[in-house]
Amino acid sequence: MYDTGKIILGILIFLVLATSPFWYSKATGQADYLPDPVILTKDMPGKDVCVMPTDYMRSSHMDLLNDWRNSVVRDGERKFVSPNGHEYKKSLSNTCMNCHSNKAEFCDKCHNYMAVDDQTCWSCHVEPKEEL
Amino acid sequence: MGIDRRKFLTIAGLTTLTTLGKTVLGSSPAGHDPIETGSQAVKRLAMVIDMVKCRQNEGCTECTKICHKIHNVPDIGNAKEEIKWIWKENFEAAFPNQHHDLLEDNIKNSPAVVLCNHCDVPPCVKVCPTGSTWQREDGIIMMDMHRCIGCRYCVAGCPYGSRSFNFRDPRPHIDEMNPEYPTRSKGVVEKCNFCAERLVDGLLPACVDICPEKALTFGNINDPESEIRQILKSRHSIRRKPILGTNPQIYYLV
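Residues numbered from 1 in each chain as written. Chains lettered and ligands numbered in written order. Predicted model: local features only at pLDDT ≥ 70, side-chain atom pairs only at ≥ 80, totals over all residues.

**Q** Report on the overall build of chain B, specifying residues and quantitative values.
**A** Within chain B, the secondary structure is distributed over ten helices and ten strands. Here the C-alpha radius of gyration of chain B, 25 Å, is well above what a compact globule of 254 residues would show, namely 18 Å. Judged by the C-alpha coordinates and their principal axes, chain B covers about 95 × 45 × 35 Å. For chain B, with 254 residues in total, the buried portion stands at 30%. Look at the contacts in chain B between residues 6 or more apart in sequence, and 64% of them connect residues 24 or more apart. (Helix = DSSP H or I, 4+ residues; strand = E, 2+ residues; numbered from the N terminus. Rg over C-alpha atoms; globule rule 2.2 N^0.38 Å. Buried ≥ 20, exposed ≤ 12 C-beta atoms within 10 Å, placed from the backbone. Contact = placed C-beta atoms within 7 Å.)

**Q** Report on the overall build of chain A, specifying residues and quantitative values.
**A** Looking only at helices and strands, chain A has six helices and two strands in total. What you see in chain A, going N to C, is helices and strands ordered as α-α-α-β-β-α-α-α. By the compact-globule yardstick of 14 Å for 132 residues, chain A is too spread out, its C-alpha radius of gyration being 24 Å. When its C-alpha atoms are laid out on the principal axes, chain A stretches across 80 × 35 × 30 Å. Evaluated residue by residue, chain A yields a buried proportion of 6% over its 132 residues.

**Q** How would you summarise the domain arrangement of chain B if you had to cite specific residues and measurements?
**A** For chain B, the domain assignment lists domain 1 (1-31) and domain 2 (45-253). With centres defined by C-alpha atoms, the gap from domain 1 of chain B to domain 2 of chain B works out at 56 Å. (Domains from an automatic or database assignment.)

**Q** If you had to explain the pairing of strand β1 (residues 45-50) of chain B to someone new, which residues and values would you point to?
**A** Residue and element names in this part refer to chain B. Extensive coverage of β1 is indicated by the burial of six of its six residues. Residues Leu45, Met47 and Ile49 of β1 are buried on one face, and the alternating residues Ala46, Val48 and Asp50, pointing to the opposite face, are buried as well. Note: β1 against strand β8 (residues 216-220), five bridges, orientation antiparallel. The residue bridging Ile49 from the neighbouring strand is Leu216, located in β8. Looking at chain direction, β1 and strand β10 (residues 250-253) are connected through four bridges and run parallel. (Pairing = 2+ DSSP bridges.)

**Q** Residues and numbers for the domain arrangement of chain A, please.
**A** Segmentation of chain A into domains returns domain 1 (1-33) and domain 2 (35-132). Each of domain 1 of chain A and domain 2 of chain A has a C-alpha centre, and the two are 44 Å apart.

**Q** Residues and numbers for the sheet that holds β1 of chain B, please.
**A** Taken together, the four strands give an open sheet; going across it, the order is β8-β1-β10-β9 (chain B), and neighbouring strands pair in mixed fashion. This sheet does not close on itself; its edge strands, each paired only once, are β8 and β9 (237-238) of chain B.

**Q** Please set out the nonpolar core residue by residue, giving values where relevant.
**A** All names here are of chain B. Counting 47 residues, the largest nonpolar core has Ile49, Ile86, Val113, Leu115, Cys207 and Leu216 as the members making the most contacts within it. By residue number, the principal contributor to this core is β1, which donates five residues. Residues in contact with Cys207, not counting those within four places in the same chain, are Cys63, Ile66, Cys67, Ile86 and Leu216. (Core = buried A, V, L, I, M, F, W, Y, C linked by C-beta atoms within 7 Å.)

**Q** Can you tell me about helix α1 (residues 4-18) of chain A, naming the residues and giving the values?
**A** Along its 15 residues, α1 of chain A runs 21 Å from first to last C-alpha, staying within 8% of the 21 Å computed at 1.5 Å per residue. With zero of 15 residues buried, α1 of chain A lies mostly on the surface of the structure. (Expected span 1.5 Å × (residues − 1).)

**Q** Just give me the short version of the interface of chain B and chain A, but keep the residues and values in it.
**A** The partner chain A presents twelve residues to the 13 residues of chain B that form the contact. Of the residues assigned to the side of chain B that touches chain A, the class counts are six nonpolar, three polar and four charged. (Nonpolar A, V, L, I, M, F, W, Y, C, P; charged D, E, K, R; others polar.)

**Q** How would you summarise unusual backbone geometry if you had to cite specific residues and measurements?
**A** Residue and element names in this part refer to chain B. Positive phi, close to 55 degrees, is recorded for Asn72, a residue that is not glycine. Here Asn72 is to be found in the loop between α3 (62-70) and β2 (86-89). Judged by local crowding, Asn72 falls into the buried class, with 23 C-beta atoms found within 10 Å. The backbone of Cys195 sits at a positive phi, close to 55 degrees, despite the residue not being glycine.

**Q** How would you explain the pairing of strand β3 (residues 112-115) of chain B if you had to name every residue and give the values?
**A** All names here are of chain B. The two faces of β3 match: Ala112 and Val114 on one face and Val113 and Leu115 on the other face are all buried. For β2 and β3, the ladder comprises four bridges, and the chain directions are antiparallel. The residue bridging Lys88 from the neighbouring strand is Val113, located in β3.

**Q** Just give me the short version of the confidence of the model for chain B, but keep the residues and values in it.
**A** All names here are of chain B. Residues of chain B with pLDDT of at least 70 account for 93%, and the chain-wide mean is 90. Scored below 50 in pLDDT, residues 28-39 makes six contacts in the model with residues more than four places away or belonging to other chains. Per the prediction output, this complex has pTM 0.79; the corresponding ipTM is 0.75. (pLDDT = per-residue confidence, 0-100.)

**Q** Run through the environment of Val42 of chain B, naming residues and quoting values.
**A** Take Val42 of chain B: it is sitting in the loop between α1 (5-30) and β1. The exposure class assigned to Val42 of chain B is partly exposed, which follows from the 16 C-beta atoms found within 10 Å.

**Q** An account of the environment of Cys158 of chain B is needed here, citing residue identities and associated values.
**A** Residue and element names in this part refer to chain B. You can see Cys158 is positioned in the loop between α7 (153-157) and β6 (164-165). The class for Cys158 is buried, based on 22 C-beta atoms found within 10 Å. With ten residues separating them along the chain, Cys158 and Cys148 place their C-alpha atoms 16 Å apart. With residues near it in sequence (within four places) discarded, Cys158 still touches Pro123, Cys124 and Arg163.

If you want it as structure tokens, here you go:
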């Protein structure tokens, strides 16, 4: 084989260039970025816990919201009883956002990271005004 | 041998007879749907509008104002794109079948408060291709904005003009946003929902509550003791375009 050295060197240069974005973000620490949503909880007597356990909310809040939406709109069921016995009104704007009143620091943090389009919620449901 | 032909046929025949008998005898009493029979136990919400009281306060638009405020109904300022839940219509337009030139002046000239009639036979529900509008058990014609695709069949189907289409994003046209109730987005149809969100909290519809003349009465029309049944029994009432067979549930006292 002619020019073995040059070919191998060329292949190596190509590999380094092709994978350079990964090395670059590794080196600058961008790849390690994880969203860190800020959880605010306003004073709600007896209801300083979420409607469901944190693990469930982390993995399945979208399913819960879908269930709430369907049962409120289609069946007129507006009450939700949490596993620890508290009663809540099934409402995104009036229950969820009452505690998590910081959409930009809470919802958007992860949704932007994961490229989740939640515009479908906020084009109608009114987000709380944030006190900056 | 375990079983011979005669025994097998006997068992098979008896089994068939038992199954048939069960289906025929068991079905009729259990199959009755209380809603279909129009039983009084089923709630049916309706409204009576006293036009005599209403016209005492000429120019009053309190019902429209409060309804449009709490439901985030935009004021586009353009008649072609207007969005309305409850509003005043002149008598001839509201009651084309009842109108004639020689009608009493105070009836002919007094506008009627009109809104969704929450019909018993709703044409809008029939034509909706996505099931985003439907009739609840208590008679309210509800809308699910999440499913509305904006085809506007219901707008064409409604003979009362009760439905409005959002030709543009309504948000910039809402003066004072009520954060407790969602707005709509561009491309969906909307209308009066009989304040379904207030009824669950035990409140009356906002228009009924606010009316300074107490001209609106709301209640269960299937209950013979209810206030609206008593009113309808004692006064002459008319409805909008009853000839169309939609069985509208807004009654007007003239």
